[in-house]
Amino acid sequence: MKNILIIKTGSIGDVLRTTCVIEGLIEKFFNPRIYWLTSIKSLPVIETNPFLSKIFLIEHLDKEIYKLEFDMVISLEEDIKCLEVLSGLKKRIIFGIYSKNGIVDYTAKSSYWYNMSLISKFGKEVWAGVGKDSLKKSNIFSYPEILYKMLDLKWNKQRPRLYLKDDIKKYSLYKADKLDLKKTIIGIVIGAGERWPLKVLPADLQIKLIKKMNKEFGGKVEFILITGPSKLEMGNAKEILKKCPFVKSHKIVNLDELFGIISFCDIIVTPDTLSMHIAISLNKYIVAYFTVTSASEIEIYLGEKIITNDKNYYCSYFTENLPRPNCTDKINLDEIVDAVKKAIK
């Protein structure tokens, strides 16, 4: 029986979407022992996964990791601590990122993905028509498919999986306004963190979208805002609820409770963010819209993608905010409504 270690510590959404590879590894290596090195913040998305033999935490590293002999280490972090751990492991094959003489590099088999990354050998600027940004924009494959192809696994649209703790769905209902679960529940994600402010529709466009959907679907659906604790999200939620009093909301919740709230939604309307990855892993119908990040990299197993018509900023990974109108204004709200309509019972 083979021992395989996956090193992936963050971000939380990236850890969750990487769980797609577990099914392929089990199929190829006939039920190997799969270990995972992660971080405390990302632990909730994999701690209940029944197919992991053991989880190691980078912050409180169990020395047993150095005693095990790994047939393969799938190294997906350029973090210095992770690379230091990697260098001390007993291992036969490394796939992905490693450090040699203090220089971070990546294996040839993993080059398709990492040529588009921050550690790309091509750098950011285009050279002879090639650069990580141009490679990223021209890429047509999703992260799961790329991972499967690089690892020589059989790709059959295996999705990431999140295993909920007992009773978390029931408990999470108490954190939300009362919902009629006989109706189709539409969760609307109104935040996407602070790194890429242009990822998410501003409050006025969220209001416009919600009113369009309410006019189209009326009494068939319930809307619930899915929010985080940031001041911006709380402010946007307050503004939306004032203009759309029929929309439900929830209390500030921890990660497990967020899993629960998303789990009782039938449809999720979302930017490219953690809540999207949670919804994907729970096999929800997803309408995901994309502004400054790559839609190609995201595998929507059930649902549709809506892409901004702003070609200058699409897939630019632009981290600053811009005056209106900007790329968020070039998301076609009617396309979102039409995509949602396909899933209404």
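Below is a summary of the structure that appears in this document. Nothing here was measured: the structure is a model prediction, and the numbers come from that model.

Each value, and the rule that gives it
Residues numbered from 1 in each chain as written. Predicted model: local features only at pLDDT ≥ 70, side-chain atom pairs only at ≥ 80, totals over all residues. Heavy atoms only, no water. Helix = DSSP H or I, 4+ residues; strand = E, 2+ residues; numbered from the N terminus. Buried < 20%, exposed > 50% of the residue type's maximum accessible area, 1.4 Å probe, protein only. Contact = heavy atoms within 4.5 Å. Areas by Shrake-Rupley, 256 points an atom, 1.4 Å probe, with all protein chains shown as cover. Lys, Arg positive; Asp, Glu negative; His and termini not counted. Charge placed at Lys NZ, Arg CZ, Asp CG, Glu CD. Pairing = 2+ DSSP bridges. Right-handed = clockwise from strand over helix to strand, strands pointing away. Axes fitted to C-alpha atoms, helices over the stretch in contact; angles between N-to-C directions. Expected span 1.5 Å × (residues − 1). Arc of directions from axis to C-beta.

### Some words on the overall build of the protein
Working step 1: Along its length, the protein carries twelve helices and eleven strands.
Working step 2: Based on the C-alpha atoms only, the size of the protein along its principal axes is roughly 60 × 55 × 35 Å.
Working step 3: Every one of the 345 residues in the protein was classed for burial, and the buried ones make up 53%.
Working step 4: Looking at the protein alone, contacts between residues at least 24 apart form 60% of all its contacts between residues at least 6 apart.
Working step 5: With an accessible surface of roughly 16600 Å², the protein has 53% of that area assigned to carbon and sulfur atoms.
Working step 6: In the protein, which carries 53 positive and 41 negative side-chain charges, the distance between the mean positions of the two groups comes to 2 Å.

### Some words on the pairing of strand β9 (residues 267–270)
Within a regular beta strand, the side chains point alternately toward one face of the sheet and then the other, so they alternate between its two faces.
Working step 1: Residue alternation in β9 divides its side chains into two sets, Ile-267 and Val-269 and Ile-268 and Thr-270, and both sets are buried.
Working step 2: Direction of pairing for strand β7 (residues 184–189) relative to β9: parallel, over a ladder of three bridges. What sits directly across from Ile-188, in β9, is Val-269.
Working step 3: Strand direction decides the pairing type here: β9 and strand β10 (residues 285–290), joined by four bridges, are parallel. Directly across from Thr-270, in β10, lies its bridge partner Ala-288.
Working step 4: One crossover worth recording links β9 to the parallel β10 by way of helix α11 (residues 274–281), and it is right-handed.

### Overview of the sheet that holds strand β11 (residues 303–307)
Working step 1: Judged by pairing direction, the sheet is parallel, and its five strands sit side by side in the order β8-β7-β9-β10-β11 without closing on themselves. Two strands in the sheet have a free side with no partner beyond their single neighbour: β8 (221–226) and β11. Each adjacent strand pair in this sheet contributes to an overall mean axis angle of 15°, direction not counted.
Working step 2: Relative to β8, β7 is paired through six bridges, and the arrangement is parallel.

### Description of helix α9 (residues 231–243)
Working step 1: In a regular helix each residue adds 1.5 Å, so 13 residues correspond to 18 Å; α9 covers 19 Å between its end C-alpha atoms and thus fits that length.
Working step 2: Buried within α9 are the following residues: Glu-233, Asn-236, Ala-237 and Ile-240. Buried residues along α9 cover an arc of 105° about the axis, so they all sit on one side. Those residues of α9 that are exposed and aimed more than 90 degrees away from the buried face are Lys-231, Lys-238 and Lys-242.
Working step 3: On its buried face, α9 is in contact with α8 (203–217) and β8.

### As for the sheet that holds strand β4 (residues 69–75)
Working step 1: Ordered by their spatial adjacency, six strands build an open sheet running β3-β2-β1-β4-β5-β6, and the pairing between neighbours is mixed. For this open sheet the edge positions go to β3 (54–57) and β6 (103–106), each flanked by a neighbour on one side alone. Put simply, the sheet's adjacent strands are angled 30° from each other on average, direction ignored.
Working step 2: By the bridge criterion, four bridges tie strand β2 (residues 33–38) to β3 in an arrangement that is parallel. Residue pairing for β3: Tyr-35 is matched across the bridge by Lys-54.

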